[in-house]
Every structure is written in C-alpha cells, then in structure tokens.
Amino acid sequence: MAEVIVPLTESPSRARPAWALWELGFRPFYLLAATWAALFIPLWVLQLSAVFNEALIRNTSWHAHEMIFGYALAVIIGFLFTAGRNWSGHPTPSGRSLQFLALLWVLARMAAFSPWVWLSLLLNLSVPWVAAWGLWRSLYAGHNRRNYFFVALLVVMGLASACFHFSQMGWQALQFEMGLHLDRGVSLALDIVLLIVAIMMGRVVPMFSNNGIPGLQAARKPIIEKLAIGSILGLMVIDSLAIQNGYAATFVGIACTVHGWRWFLWQPWKTWRNPMVWVLQGAYFWLLIFLALKAYAATGTIPSGPATHALTVGLIGMVTLGMMTRTSLGHTGNPIHATWVERNAFSALFLAASIRVFMPLAWPSLLIESAVLSAVLWSAAFALYLWRYTPLLVLHKPYI
C-alpha cells in the first residue's frame, strides 16, 4: 500500500487563505483529540485521588468511555477522513460539514459530564454514525470497496456506545429478556479500536520503516497478516462472551506468538535511531505485552488492569501520537523528522505506559501513585504535541 499522503497544493491563481483548520479531517480532530487527552486524564486522576468532594466523572466505566469515544475516536475520524480522500480520490467532509461533526464531538464530551444520560447517548451515537456517512460517501464515489469495512466498524462503534449508555441507565430488563450484554459496550468498542490499529499498522508500519531506515527490509507475509487479524477477531469473541479460563488464556497466548512473529518481520531492533519510526514499532511492543498479560489475567493469576493499560496507554496512546505527528507533517508538506519535541513526547508516553502497567504489578499498594505519575507523563506528551503542532494544523504555516 502506498504511503497515505494527500498533497495539499496551493492554487496557482491565488494564494491560500491563512486559516486552514477546516480543510481536512486530521486538522480539527487531531487538535480535539490531543486537547482531550491532555486535560481529561489529569481530571480523572484528581478524582481518583479523592481531590474533589463530588465526582465529576461518574465512574471508571465513564473514564473508559471518554478515552475511547472521546480521544481514540477523534484520532480515528481524523485519520480516516484524511486517508479516505487519498483512497477514493474524492473529498471527505470539510468546511461546514466538518465543523458540524466537530461540534457534535464537543457536545458529546460535555454531555458525558451532565446528568442527562439520554442526551449523551444521542450525541455519542451520532458522532461515529455521521463520520461513517461522510467516509462512505467518499469511498462510494471512488468505488473503493476495499475500505468499506471501516464504515461498518464506525457504525458498530456507535452501537457499542449505545449499549454502554443503556447499561448505565440500568436497562437490566432489556438485557435479561433479549440476552444482550449491555455492560460490554466499552469492551467491544476497545476491541474495534484494536482491530483498526492492527489493520492499519500492518499496512503502513513496514512501509514507513523501510522508507525511514536505509537498508531495512521490513516484510509482510500474507499468512501472518491473516492470522494476526483473525486473532483479534477471536479476541473480540472472547471478550463479548466474557470467557475467562484456560482455553481463553491459550488462545490469547497463541495470538501473542502470532503478533510477535509479525513484529519480528518488521525488524524493530534496527529502527531505534529514527524516532518517527520507532514510536510505531515501540507501540507494537505494547500489543505483545497486552496479549501476554491478558493471557495471565484469563487464568486469574493477575488482575486485568495492567493488560488494559498496556493496550490503551501503550499501544493506542503511542500509535496514535506517532501517526498524529507523522500525518500532520506529511499532509502539510513538511519533512517527516523528529525534533526534541517529538523525541520527548514519545519518550514520555512510553514511560507513562511502563509506569501504569508494571508499577501496580510490582507494588499493588502504589496503584494511585502509579496512576498519578503516568497521568503527568501522558499529559506532558500531548501538551508538547499541542504546543508544537497547533499552529501547523490551524494555519497554512510551515513547520519550524
């Protein structure tokens, strides 16, 4: 697959306007995602540390919901709208339609703090569905059926959010009568994010690695690719059925081996000299940690929290920040190289994941302390991104 870069060329007849925020999906949605990441996690940790007398965030499930449907979904929308234009050769939402979707996202975040769960339901259902419609129109116009499944995944994410809200509203009767598991909406959405990440990393990481490291021979083998994606689909089934036994642990262990083989083919040990490459390769390391810890958790040996944070803070956090920096540079005509800002942001995020995953395993009594330290580093990483990239995304401004 060719590198997903859409040339943004200036019209020869007139100069471009300085304001560029609503030209393409990555601009507003990367800014929204980074802002939410930098602000929401410290807010959650302050509540977790009992700093507030009254809870601003209802419970841990809402914390998970906001990081998936707030942060991760914003990055996914920004990426898919940008890549979708390249895949199809037709425009994705921009201008007022992009403003409308961004407004829906902001209102959905505000509604999560309100007492009106129904309003939060409607808004959080609307965001992925409106995004799916915008992406589908572009792909359909360009006859790009290969990527239709991204539209379907956005639709299912909306349904997962609806299930979460129904569970929060106490619809146990519906769950009992229809055999639904409404409380697994967040888990389903997280698995969908994992599936999207696994697919896209398989498409772009070998190419980015080979382009960024002279002489590297990162490879893709079709059988490994199919097994890797199939293992994620199997993981979705295990999570949907809430299977926690030796069979689940064995399956997840096999999945870890498959993804380890996939990573080995990408030659990650040769990429550490290029931060724009190793941030993506390093992100995949956290997928292996997640699967290994999840296999242990399925047997009841350890709690599930460290595995979850290996996935969310480690894999999703690092791959999204890595792609946000890379695509922000590439799609604005800037060279893709790391300054001290990127190097420190990537390092801070890797350290945040390490603390959040391993510190509670080694010292369970320091759970709150590990959350606080990890939150500081996480927020610092995204604050660095905002400081460096906001002018680049908002304006037609060269990267300095």
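This report concerns the structure included in the present document. Each chain has its residues counted from 1, following the order in which its sequence is written. Local features are withheld for residues below a pLDDT of 70 in this predicted model, meaning they are given only at 70 or higher, and side-chain atom pairs are given and counted only at 80 or more; totals for whole chains, interfaces and linings count all residues. The side-chain values count all of the structure's non-hydrogen atoms but skip hydrogen atoms and water molecules.

**Section: the side chain of Asn274**
In plain terms, the rule: In this description a helix means any DSSP run of H or I spanning at least four residues, a strand means any run of E spanning at least two, and both kinds are numbered starting from the N terminus. For the exposure calls, accessible area comes from a 1.4 Å probe over protein chains only, and a residue counts as buried if that area is under 20% of its type's maximum, exposed if over 50%, partly exposed in between. Nitrogen and oxygen atoms within 3.5 Å of one another constitute a polar contact, given that in protein one can donate a hydrogen and the other can accept it, and given that sequence-neighbouring residues count only through two side-chain atoms.
Summarising the element assignment, Asn274 is placed in the loop between helix H9 (246-265) and helix H10 (275-298). Asn274 sits in the buried class, given a relative accessible area of 17%. Of note is the side chain of Asn274, whose polar atom sits 3.0 Å from the backbone nitrogen of Met276.

**With respect to the nonpolar core**
Our working definition: To define a nonpolar core, start from buried Ala, Val, Leu, Ile, Met, Phe, Trp, Tyr and Cys residues and group those joined through side-chain atoms within 4.5 Å. Residues are treated as being in contact if the distance between any of their heavy atoms lies within 4.5 Å.
Phe29, Tyr71, Met201, Phe290, Leu315, Trp378 and Phe382 are the most contacted members of the largest nonpolar core, which has 136 residues in total. In terms of residues, this core owes the most to one element, helix H7 (residues 185-212), which gives 17 residues. The contacts of Leu315, once residues within four sequence positions are left out, are Leu194, Val197, Met201, Ala283, Tyr284, Trp286, Leu287 and Ala310.

**Concerning the packing of aromatic side chains**
What counts, and what does not: In this scheme Phe, Tyr and Trp rings, the latter by its six-membered ring, pair at centre separations within 6.5 Å, and the angle between planes marks the pair as stacked below 30 degrees, edge-to-face above 60, and tilted otherwise.
Tallied over the full model, the rule gives 24 aromatic pairs. For the ring pair Trp36 and Phe113, a centre distance of 6.1 Å and an interplane angle of 85° mean the geometry is edge-to-face. Linking Trp36 in helix H1 (residues 26-48) with Phe113 in the loop between helix H3 (95-112) and helix H4 (117-141), this pair joins segments that are 77 residues apart in sequence. These aromatic residues form a ring-pair network of at least three members: Trp263, Phe285, Trp286, Phe350 and Phe358.

**Some thoughts on helix H13 (residues 367-394)**
What counts is decided by this rule: The span one expects for a helix is its residue count, reduced by one, times 1.5 Å. Here the bend at each residue means the angle between axes fitted to two seven-residue stretches, the one ending at that residue and the one beginning there.
Here H13 spans 38 Å end to end across 28 residues, near enough to the 40 Å set by a 1.5 Å rise per residue. Along its length, H13 shows its largest kink, about 45°, at Arg388, and proline Pro391 lies within four residues downstream of that point.

**Some points on the environment of Phe150**
Position of Phe150 relative to the elements: it lies in helix H5 (residues 148-168). Taking the relative accessible area as the measure of exposure, Phe150 reaches 1% and is therefore buried. Sequence spacing of Phe150 and Ile196 is 46 residues, and the spatial spacing of their C-alpha atoms is 7.9 Å. Beyond its immediate sequence surroundings of up to four residues, Phe150 is in contact with Leu80, Trp87, Leu135, Ile196, Ile199, Met200 and Arg203.

**Some points on helix H11 (residues 305-330)**
If you check H11, its first and last C-alpha atoms are 36 Å apart, about what 26 residues at 1.5 Å a residue would give, namely 38 Å. When the local axis directions of H11 are compared, the greatest deviation, roughly 30°, occurs at Gly317. The buried count for H11 comes to 23 of 26 residues, which makes it a mostly enclosed element.

**A short note on the packing of helix H8 (residues 222-240) against H9**
Cut-off, in case you're wondering: Axis lines are fitted to C-alpha atoms, over the contacting stretch for helices. Their N-to-C directions set the angle, which ranges from 0 to 180 degrees. These descriptions rest on fixed angle ranges, namely under 35 degrees for roughly parallel, over 145 for roughly antiparallel, 65 to 115 for roughly perpendicular, and the rest for oblique. Handedness of each helix crossing follows the sense of rotation of the near helix against the far helix: counterclockwise by less than a right angle gives left-handed, clockwise gives right-handed. Ten residues, namely Ala, Val, Leu, Ile, Met, Phe, Trp, Tyr, Cys and Pro, are considered nonpolar, four, namely Asp, Glu, Lys and Arg, are considered charged, and the remaining ones, Gly among them, are considered polar.
With their axes 9 Å apart at the nearest point, H8 and H9 run at an angle of 150° to one another. Considered as vectors, H8 and H9 are oriented roughly antiparallel to each other. The two elements H8 and H9 meet at a crossing, and its hand is left-handed. Here Ile224, Glu225, Leu227, Ala228, Ile229, Ser231, Ile232, Gly234, Leu235 and Ile238 of H8 lie close against H9, whose contacting residues are Ala248, Phe251, Val252, Ala255, Val258, His259, Trp261, Arg262 and Leu265. In the contact of H8 with H9, the residues fall into 14 nonpolar, three polar and two charged.

**Here we look at unusual backbone geometry**
A positive phi angle, near 55°, is found at Ala242, a position not held by glycine. Its location among the elements puts Ala242 in the loop between H8 and H9. The class for Ala242 is partly exposed, based on a relative accessible area of 40%. Of note, Gln267 is a non-glycine position whose phi angle comes to about 55°, a positive value.

**Some words on the pattern of salt bridges**
A side chain with one charge may pair with a side chain of the opposite charge, provided their charged atoms come close. Going by this rule: For this analysis, a salt bridge means a side-chain nitrogen from Lys or Arg found within 4 Å of a carboxyl oxygen belonging to Asp or Glu.
Evaluation of the coordinates by the stated rule reveals four salt bridges. In this structure, the salt-bridge partner of Glu66 is Arg109, at a minimum N-O distance of 2.5 Å. Placement of the pair is Glu66 in helix H2 (residues 60-88) and Arg109 in helix H3, with a sequence separation of 43 residues. A relative accessible area of 1% means that Glu66 is categorised as buried. Overall, the relative accessible area of 3% leaves Arg109 in the buried class. Asp239 is paired through a salt bridge with Lys294; the nearest N and O atoms lie 3.0 Å apart. Of the two residues, Asp239 is situated in helix H8 and Lys294 in helix H10; the sequence distance between them amounts to 55 residues. For the residue pair Asp239 and Lys294, the accessibility class agrees, reading buried in each case.

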